[in-house]
Protein chains: 2
Amino acid sequence: MTHTGFAQTASLIGDPSRAAMLLQLMDGRALPAGELARRARISPQTASAHLGKLVAGGLLALETHGRHRYYRLRGPEVAQALEGLLILSPPGPVRSLRESEERKALRFARTCYDHLAGRVGVRLAEQLTHRGWLTRLDAPSAAGKWELTPAGEEALAAFGLDIPALRRSRRSFARPCLDWMERRHHLAGALGAALTARLFELGWLRRHPSSRAVILTEAGRTGLHDAFGVSPDTDENGRES
Amino acid sequence: MTHTGFAQTASLIGDPSRAAMLLQLMDGRALPAGELARRARISPQTASAHLGKLVAGGLLALETHGRHRYYRLRGPEVAQALEGLLILSPPGPVRSLRESEERKALRFARTCYDHLAGRVGVRLAEQLTHRGWLTRLDAPSAAGKWELTPAGEEALAAFGLDIPALRRSRRSFARPCLDWMERRHHLAGALGAALTARLFELGWLRRHPSSRAVILTEAGRTGLHDAFGVSPDTDENGRES
DNA sequence: CAGTTATTTCCACTACGATCGAAGTATGCC
DNA sequence: GGCATACTTCGATCGTAGTGGAAATAACTG
């Protein structure tokens, strides 16, 4: 076994300060160094050293804007590897009402790298499939890929997405992403990201200022129901939850 | 974020000696402590300390047989998390002919936790689907699951698998597993494990003594071709490779 | 230009953890 | 019982990596 990088990558993630920063970036945003230092509760010098290592290790990408240096996860594989580790790690005990509320919000709707996850994300993917707009591909060479039907293509184009442009992107067009809390799949890939971006643009979703959770606005609640038949407040049996 | 275990789990994997032992167990086998120490090139005392931490951290399960203590990965989630990290880690440079041969063998056929991966595994999954024996489920609530068709159930029962018993197992019955070298899916879950076990039982596959690679025997080559239409020596365009 | 802010580099200090020798416990074998 | 084997616990050593203070660099601001 010559996977020299394997242990190195894991130990890179294994430092508490670095792990905290990586988790802050799980939603695919880019944050400046100072902000990451503040959130991880370490000094800027220390954060700088850590961020340098994370970039060198291929986990983060760096984008410089003036005197600010924005760091983001280098790609979806990084987010997926982190998710894999999250599944293994027992969620810490809830220590306050504040935390319990936050966890509930995360479970309801959050961003996963750059697409929508949580109950809302899962329901949306379900409804797209249920309406015959999205299908799993059957060709064995396309395993793990999703595809839009002609009807779905039309519907999402009408919703404001530039489907041909998305197909030209180098990313996988549409693929399932396992949700570690709901244990169901939601929509990832270029399509998932674009759809999520459109929901923010319409004001249907709003970012929570300090967590990965996203807020479903009133407009979003009615909009998602009318456009996609999504009712995230009831569980699969129709009961309120 | 209260994922206290997150960084801890990653740093558990991040130690080179522990990483080496974990990689040795990626195929789902159980190995005794001394053997793991030997393979990781560390003293038995050191290995003992590491193994204790891995068990405490929930990554390994321990089974005692007489004076031997066998360690194995605690479950498929662990294998999946490790795969996620493997994808991020660049394969080390090939330093010898020996290594190049081993890498070729790994790419051709290997075990991934307890099911078959590599080109042979991918081709087998493809052929099962192509023959209409295995399908992706369309119901949104069953995302990420595969299912046997009635024809497939009959065929695999005739091949010696006890399908009803597999359905009763607590594991997921059949699911896709992404192959990090082929970038395609192969068959995992209870069905994938049972099918793989049957291939070993028939002598179609043989374990390589010192690596995760498995050897496709002559009997296996003809058997897989006759029973499932698998021809792993040609690439998807039919060329020899 | 000076002054402020974002970030990095340099540099000790410190602490934690990997390592192995030595000794201890448990199992199996004759 | 006696002896070898498999593994663990204890204890001491040693290196390495995280940490923040001080100072340098670089960009924006007026």
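Because the structure is a prediction, the values reported are computed rather than measured. (Residues numbered from 1 in each chain as written. Chains lettered and ligands numbered in written order. Predicted model: local features only at pLDDT ≥ 70, side-chain atom pairs only at ≥ 80, totals over all residues. Heavy atoms only, no water.)

### Some remarks on the overall build of chain A
Broken down by element type, chain A carries 11 helices and 11 strands. Over its C-alpha trace chain A gives a radius of gyration of 19 Å, about what one expects of a compact globule, namely 18 Å for 241 residues. Referenced to the eigenvectors of the C-alpha coordinate spread, the extents of chain A come out at roughly 50 × 45 × 40 Å. Evaluated residue by residue, chain A yields a buried proportion of 51% over its 241 residues. For chain A, long-range pairs separated by at least 24 residues make up 54% of all intrachain contacts whose partners lie at least 6 apart in sequence. Of the roughly 11200 Å² of accessible surface on chain A, a fraction of 52% belongs to carbon and sulfur atoms. (Helix = DSSP H or I, 4+ residues; strand = E, 2+ residues; numbered from the N terminus. Rg over C-alpha atoms; globule rule 2.2 N^0.38 Å. Buried < 20%, exposed > 50% of the residue type's maximum accessible area, 1.4 Å probe, protein only. Contact = heavy atoms within 4.5 Å. Areas by Shrake-Rupley, 256 points an atom, 1.4 Å probe, with all protein chains shown as cover.)

### Quick notes on the pairing of strand β9 (residues 185–188) of chain A
Residue and element names in this part refer to chain A. Taking every second residue as pointing to the same face, both faces of β9 are buried, with His185 and Leu187 on one and His186 and Ala188 on the other. Relative to β9, strand β8 (residues 175–178) runs antiparallel, the two being bridged by four bridges. Its bridge partner being in β9, Cys177 is matched across the sheet by His186. (Pairing = 2+ DSSP bridges.)

### Some thoughts on the domain arrangement of chain A
All names here are of chain A. Split by domain assignment, chain A resolves into domain 1 (4–88) and domain 2 (98–228). For domain 1 and domain 2, the distance between their C-alpha centres works out to 25 Å. Each side of the interface is counted separately: domain 1 has 14 residues, and domain 2 has 12 residues. Buried area between domain 1 and domain 2, summed over both chains or domains, comes out near 1200 Å², and the portion from carbon and sulfur atoms is 54%. At the boundary of domain 1 and domain 2, one finds one salt bridge. With a closest N to O distance of 3.8 Å, Glu83 and Arg212 form a salt bridge. At the junction of domain 1 and domain 2, the tally comes to three residue pairs in polar contact (both at pLDDT 80 or more). Looking at which element gives the most residues to the side of domain 1 that touches domain 2, the answer is helix α5 (residues 76–88), with six residues. Residue composition of the side of domain 1 that touches domain 2, by class: seven nonpolar, three polar and four charged. (Domains from an automatic or database assignment. Buried area = accessible area lost by both parts, 1.4 Å probe. Salt bridge = Lys/Arg side-chain N within 4 Å of Asp/Glu carboxyl O. Polar contact = N/O pair within 3.5 Å; in protein donor to acceptor, adjacent residues only side chain to side chain. Nonpolar A, V, L, I, M, F, W, Y, C, P; charged D, E, K, R; others polar.)

### Notes on the sheet that holds strand β1 (residues 31–32) of chain B
Residue and element names in this part refer to chain B. In spatial order, the strands read β1-β3-β2; together these three strands make up an open sheet with antiparallel pairing. This sheet does not close on itself; its edge strands, each paired only once, are β1 and β2 (60–65). The sheet contact formed by β1 and strand β3 (residues 68–73) spans two bridges and is antiparallel. Residue Leu31 lies in a different strand from β3, and its bridge partner there is Tyr71. Running over the sheet, helix α4 (residues 44–56) touches β2 and β3 and is turned about 120° from β2. (Axes fitted to C-alpha atoms, helices over the stretch in contact; angles between N-to-C directions.)

### Some remarks on helix α10 (residues 189–201) of chain B
Residues and elements named next belong to chain B. With 13 residues, α10 should cover 18 Å at 1.5 Å per step; its first-to-last C-alpha distance of 18 Å lies within 8% of that length. Among the 13 residues that make up α10, 10 are buried, leaving the element largely enclosed by the rest of the structure. Residues of α10 that are buried: Gly189, Ala190, Leu191, Gly192, Ala193, Ala194, Leu195, Thr196, Arg198 and Leu199. Backbone geometry just after α10 places Gly203 at a positive phi near 80°. (Expected span 1.5 Å × (residues − 1).)

### Describing the protein's contact with DNA strand D
Close to DNA strand D lie 20 residues; Arg18, Gln45, His50 and Lys53 of chain A together with Tyr71 of chain B are nearest. At the protein interface, 69% of the atoms of DNA strand D within 4 Å belong to sugar or phosphate. For DNA strand D, a phosphate oxygen lies 2.7 Å from a polar atom in the side chain of Arg18 of chain A. For the surface near DNA strand D, the leading source of residues is helix α4 (residues 44–56) of chain A, giving four residues. In the surface near DNA strand D, the residues fall into four nonpolar, 10 polar and six charged. (Near = heavy atom within 4 Å.)

### A few points about helix α7 (residues 118–130) of chain A
All names here are of chain A. An ideal rise of 1.5 Å per residue puts 18 Å on 13 residues; α7 measures up with 18 Å between its terminal C-alpha atoms. Counted residue by residue, α7 has 11 buried out of 13 residues, so it is predominantly covered. Of the positions making up α7, those classed as buried are Gly118, Arg119, Val120, Gly121, Val122, Arg123, Leu124, Ala125, Glu126, Leu128 and Thr129. Of the residues flanking the end of α7, it is Gly132, one or two places downstream, whose phi is positive at about 75°.

### A closer look at the protein's contact with DNA strand C
Taken together, 20 residues are adjacent to DNA strand C, and Gly34 and Tyr71 of chain A together with Gln45, His50 and Lys53 of chain B come closest. Of everything in DNA strand C that lies within 4 Å of the protein, sugar and phosphate atoms constitute 75%. Contacts to DNA strand C include Ala33 of chain A, whose backbone N or O atom sits 3.3 Å from a phosphate oxygen. Within the contact set of DNA strand C, a base oxygen lies 3.3 Å away from a side-chain nitrogen or oxygen of Arg67 of chain B. Going through the elements one at a time, α3 (33–40), α4 and β3 (68–73) of chain A together with α2 (16–24) and α4 of chain B are the ones with two or more residues in the surface near DNA strand C.

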